[in-house]
Amino acid sequence: MQTTLYAGRASALSQPLSCTGGNRAGARAGAFAALPSRPQGRPSVARRQVTTMAAAAAPAAAQRSAPAPAPGSGLGIYTASDGYMYVDGLRLDDIRGQVDASPFYVYSQAKIRANHAAYAAALEGLPSLIGYAIKANNNLKIVELLRELGSGAVLVSGNELRLARAAGFDVARTIFNGNGKLPRDLEFAVQHGALINVDSEFDLGNITAAARRVGRAARVLIRINPDVDPGVHPYVCTSMSESKFGIRNSHLQWFLDAIKAEPGALELVGVHSHLGSTITKVSIFRDAALIMVDFVKEMRAQGFPIQFLNIGGGLGIDYRHEGAVLPTPRDLIDTVRDLVSSLGITLIIEPGRSMVANSAAFVNTVTGVKTNGNKNFIVIDGSMAELIRPSLYSAYQHIELTAPHHTPKAVYDVVGPVCESADFLGKDRELATPAAGDGLAVLDAGAYCMAMASTYNLKMRPAEYWVEGGDTLKMIRRGETLEDHLKLFEGL
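None of these values were measured; they are calculated from a predicted model. (Residues numbered from 1 in each chain as written. Predicted model: local features only at pLDDT ≥ 70, side-chain atom pairs only at ≥ 80, totals over all residues. Heavy atoms only, no water.)

Participant: So what exactly am I meant to see when it comes to the overall build of the chain here?
Facilitator: Regarding its fold elements, the chain presents 12 helices and 22 strands. When each of the 492 residues of the chain is scored for burial, the buried share is 54%. (Helix = DSSP H or I, 4+ residues; strand = E, 2+ residues; numbered from the N terminus. Buried < 20%, exposed > 50% of the residue type's maximum accessible area, 1.4 Å probe, protein only.)

Participant: Explain a nonpolar patch on the surface here, please?
Facilitator: A contiguous nonpolar patch, built from L458, L482 and L486 and spanning about 260 Å² of accessible area, is present on the exposed surface. With respect to the secondary-structure elements, L482 resides in helix 12 (residues 482-487). For L482, a relative accessible area of 40% corresponds to the partly exposed category. (Patch = residues over 30% accessible without salt bridge, like charges linked within 9 Å, V, L, I, M, F, W, Y side chains within 5 Å. Areas by Shrake-Rupley, 256 points an atom, 1.4 Å probe, with all protein chains shown as cover. Salt bridge = Lys/Arg side-chain N within 4 Å of Asp/Glu carboxyl O.)

Participant: How do you make sense of the sheet that holds strand 4 (residues 90-91) when you look at a structure like this?
Facilitator: Backbone hydrogen bonds hold the strands of a sheet together, and the pairing may be parallel or antiparallel. Across the sheet, which stays open at both edges, the 3 strands sit in the order 2-3-4 with antiparallel pairing between neighbours. Pairing within the sheet leaves two strands with one partner each, and these edge strands are strand 2 (77-79) and strand 4. Strand direction decides the pairing type here: strand 2 and strand 3 (residues 85-87), joined by 3 bridges, are antiparallel. Its bridge partner lying in strand 3, T79 is registered against M85. (Pairing = 2+ DSSP bridges.)

Participant: What should I look at first to understand the pattern of salt bridges in this one?
Facilitator: Pairing between side chains of opposite charge can happen when their charged atoms approach one another. Enumeration according to the criterion identifies 16 salt bridges in this entry. Between E144 and K141 there is a salt bridge, with the nearest N and O atoms lying 3.7 Å from each other. One end of the pair, E144, and the other, K141, are both in helix 3 (residues 140-148), 3 residues apart, so they sit about a helical turn from each other. The pair formed by E144 and K141 is uniform in burial state, with each residue classed as buried.

Participant: What is the right way to read the side chain of T407 from this model?
Facilitator: Along the chain, the position of T407 falls in the loop between strand 17 (399-401) and strand 18 (409-415). Assessed through its relative accessible area of 16%, T407 is described here as buried.

Participant: I tried to follow the packing of helix 5 (residues 183-192) against helix 6 (residues 201-214) on my own but got confused; where do I start?
Facilitator: Geometry of a packed helix pair, given as the angle between the helix axes and the separation of the axes. Closest axis-to-axis distance for the helix 5/helix 6 pair is 8 Å, and the angle between their directions is 55°. Between helix 5 and helix 6, the crossing angle belongs to the class labelled oblique. Between helix 5 and helix 6 lies a crossing whose hand is right-handed. Seen from helix 5, the contacting residues are P183, L186, E187, V190 and Q191; seen from helix 6, they are D203, N206, I207, A210, A211, R213 and V214. (Axes fitted to C-alpha atoms, helices over the stretch in contact; angles between N-to-C directions. Parallel < 35°, antiparallel > 145°, perpendicular 65-115°, else oblique. Left-handed = near helix turned anticlockwise from the far one by under 90°. Contact = heavy atoms within 4.5 Å.)

Participant: Even after reading the chapter, I still don't get the side chain of K181, so can you show me in this structure?
Facilitator: Note on placement: K181 falls in the loop between strand 8 (174-176) and helix 5. Among the polar contacts listed, one links the side chain of K181 to the backbone oxygen of G178, at a separation of 2.7 Å. Within the structure, the side chain of K181 is placed 2.7 Å from the side chain of D203, a separation counted as a polar contact. (Polar contact = N/O pair within 3.5 Å; in protein donor to acceptor, adjacent residues only side chain to side chain.)

Participant: Even after reading the chapter, I still don't get helix 9 (residues 329-343), so can you show me in this structure?
Facilitator: Since the α-helix turns once every 3.6 residues, residues separated by three or four places project in the same direction. A rise of 1.5 Å per residue sets the reference length of helix 9, with its 15 residues, at 21 Å; its end C-alpha atoms lie 21 Å apart and thus fit the reference within 8%. Residues of helix 9 that are buried in the fold lie against helix 2 (109-122), helix 8 (283-301), strand 13 (308-310) and strand 14 (346-349). Within two residues after helix 9, G344 carries a phi angle of roughly 60°, on the positive side. (Expected span 1.5 Å × (residues − 1).)

Participant: For this particular structure, what's the right way to read the packing of aromatic side chains?
Facilitator: For any pair of aromatic rings, the description consists of the separation of the ring centres together with the inter-plane angle of the planes. The final tally for this structure, using the stated rule, is 4 aromatic pairs. With 5.7 Å between their ring centres and 15° between their planes, Y78 and Y86 make a pair best called stacked. The pair formed by Y78 and Y86 is uniform in burial state, with each residue classed as buried. Taking the ring centre of Y84 as reference, the NZ or CZ of R91 above it sits at 3.9 Å. The ring of F424 carries K427 above its face, with NZ or CZ at 4.5 Å from the centroid. (Phe/Tyr/Trp six-rings, centres within 6.5 Å; stacked < 30°, edge-to-face > 60°. Lys NZ or Arg CZ within 6 Å of the ring centre and 35° of its normal.)

Participant: It is not clear to me how the nonpolar core should be interpreted in this structure. Could you clarify?
Facilitator: Side chains that are nonpolar tend, in soluble globular proteins, to be buried together. Within the largest apolar cluster, 102 residues are counted, with the highest numbers of intra-cluster contacts made by I222 and M299. Among the elements that take part in this core, helix 8 stands out by supplying 9 residues, more than any other. In this view, M299 contacts I222, I224, L252, L256, L268, V271, F304 and I306; residues no more than four positions away in its chain are not counted. One finds V99, L443, V467 and L473 within the second-largest nonpolar core, a separate group that totals 18 residues. (Core = buried A, V, L, I, M, F, W, Y, C linked by side-chain atoms within 4.5 Å.)

Participant: For this particular structure, what's the right way to read the pairing of strand 9 (residues 195-198)?
Facilitator: Consecutive side chains along a regular strand alternate between the two faces of the sheet. Every second residue of strand 9 is oriented toward a common face, with L195 and N197 on one face and I196 and V198 on the other, all of them buried. Across 2 bridges, strand 8 lies against strand 9 in parallel orientation. Bridging from a neighbouring strand, I175 pairs with L195 of strand 9. Viewed along the sheet, the connection from strand 8 through helix 5 into strand 9 turns out right-handed. Note that strand 9 and strand 10 (residues 218-225) share 4 bridges and pair parallel. (Right-handed = clockwise from strand over helix to strand, strands pointing away.)

Participant: I keep staring at helix 4 (residues 158-166) and nothing clicks. Help me out?
Facilitator: Turning to helix 4, its buried residues number three or more, namely G158, E160, L161 and A164. The arc that holds the buried residues of helix 4, viewed along the axis, is 160°, so those residues lie on one side. With respect to the buried face of helix 4, the exposed residues turned more than 90 degrees away are N159 and A166. Buried-residue contacts for helix 4 involve strand 7 (152-155), strand 8 and helix 5. Two residues or fewer after helix 4 comes G168, characterised by a positive phi angle close to 95°. (Arc of directions from axis to C-beta.)

Participant: Got a minute to help me understand the packing of helix 8 against helix 9 in this structure?
Facilitator: The interhelical angle for the contact between helix 8 and helix 9, taken along N-to-C directions, is 15°, at an axis separation of 10 Å. Here helix 8 lies roughly parallel to helix 9, going by the angle between them. Viewed along their axes, helix 8 and helix 9 form a crossing whose handedness is right-handed. Every residue of helix 9 that contacts helix 8 at F285, R286, A289, L290, V293, V296, K297 and R300 is listed here: L332, T335, V336, D338, L339 and L343. Looking at side-chain class alone, the contact of helix 8 with helix 9 contains 9 nonpolar, 1 polar and 4 charged residues. (Nonpolar A, V, L, I, M, F, W, Y, C, P; charged D, E, K, R; others polar.)

Participant: Got a minute to help me understand unusual backbone geometry in this structure?
Facilitator: For residues besides glycine, phi is generally negative; the peptide bonds are generally trans as well. Across the junction of S102 and P103, the peptide omega takes the value 5°, indicating a cis bond. Within the secondary structure, P103 is located in the loop between helix 1 (92-98) and strand 5 (104-108). At S394, a position not held by glycine, the phi torsion is positive, near 55°. If you trace the backbone, S394 turns up in the loop between helix 11 (389-393) and strand 17. Classification of S394 as exposed rests on a relative accessible area of 63%. Even without a glycine there, the phi angle at Y448 is positive, about 55°. Examined against the element boundaries, Y448 turns out to sit in the loop between strand 20 (439-443) and strand 21 (464-468). You can call Y448 buried: its relative accessible area is 14%.

This is the structure we're talking about:
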């Protein structure tokens with residue numbers, strides 16, 4: 001159930017690594033006037049006079065090429081011309097004042113809609129299926145929204161398939177991926193008609209056995225490893241010969257022969273490749289697609305009715321907010337459009353990050369500022385437990401204070417309270433010196449952030465909210481509590 005917290009409109013006043021490890025390339029007005037005060041015990045977000053620490057100044061940030069939007073007039077998460085951060089029409093500090101606890105995640109529903117619309121427009125005129133990668137963000141309300149917009153779903157576990165069914169997806173428009181799919185989950189997938197990717201010899205055996213037990217042919221695609229280097233961090237690269245995913249392209253005929261031997265259990269309907277994630281050059285999609293087109297032609301020549309070409313997902317976003325010109329969904333689709341058209345085939349794409357990442361912020365409260373003499377730290381209530389990407393991948397996510405500050409700038413590491421030296425959200429960030437209670441937002445937090453959150457140090461997974469219709473805040477996931485944790489042990 002979604003909880004509406006308030007509705008209102010802002011006043012007009014108011015270097016990635018390659019797969020092989022080398023370098024690659026005013027006050028609020030109107031609707032907010034009658035809002036209840038911040039709950040007891042929460043720190044105020046009022047501006048304070050603070051004592052600053054000495055630190056070497058970093059180079060000034062580059063000026064943005066486009067002017068900042070007027071307050072409340074932008075789309076998604078942005079800093080407006082008044083210096084405050086907004087989510088669509090709502091000022092982020094006003095949201096902070098109304099939610100029950102910090103930290104929390106907040107999304108722009110309108111931004112998710114716009115991201116999906118960009119893919120739909122790019123695919124116009126092509127037989128296609130947008131398969132949202134649920135692993136990027138499995139919030140049920142977000143998944144339901146994407147289903148309502150016409151998306152299919154890409155799954156990497158049996159529970160993701162069950163979530164997709166709970167969200168109302170037509171299972172025939174879902175794709176079950178993974179290199180270690182469990183037999184019980186395969187039976188569920190076959191029974192409900194999901195497309196299933198074949199990832200290995202043993203995986204094919206498990207799919208065949210599941211189909212026999214269910215008494216229904218499994219619709220399968222073969223995931224072929226094209227051995228194309230996408231030039232991304234090795235942890236998010238999936239297409240090289242060293243990858244744990246997919247089959248060797250030189251071993252394809254063995255799989256075709258094995259499928260021919262099981263006509264009642266297996267129906268080969270497509271091919272699949274997935275290059276990786278955070279990809280910034282669409283030319284590699286064409287490189288892989290050219291290889292896959294040859295495989296499609298060979299399979300059809302052997303009598304297989306190939307209907308689907310799945311080129312995966314992985315389109316990157318501008319995490320650094322430095323004005324980088326990155327490929328759009330249309331750039332991606334135009335790269336392979338002629339190949340798909342020539343085959344008379346249905347194109348499947350699997351966007352996750354590019355569908356939801358830039359729709360959200362992870363919002364924190366500053367606990368304090370400290371220095372050890374050589375390094376300055378902003379300590380916040382959020383941590384690697386709620387957002388692990390920087391600690392896990394050394395990933396960069398842009399960080400901003402939620403309100404304008406006139407205090408001196410310094411270079412800080414932004415860290416949490418978890419008992420690990422790896423607990424950081426950002427390193428060497430030039431920021432104005434905040435005071436305890438000020439807001440700090442980690443941007444582009446809609447993908448692989450909440451979905452990867454844990455309860456390490458018994459930091460409970462936080463609540464999630466979205467802004468709906470530009471000016472209405474709703475809770476879309478309750479925050480977990482210690483009581484929820486203790487219930488796991490009741491009666492044992």
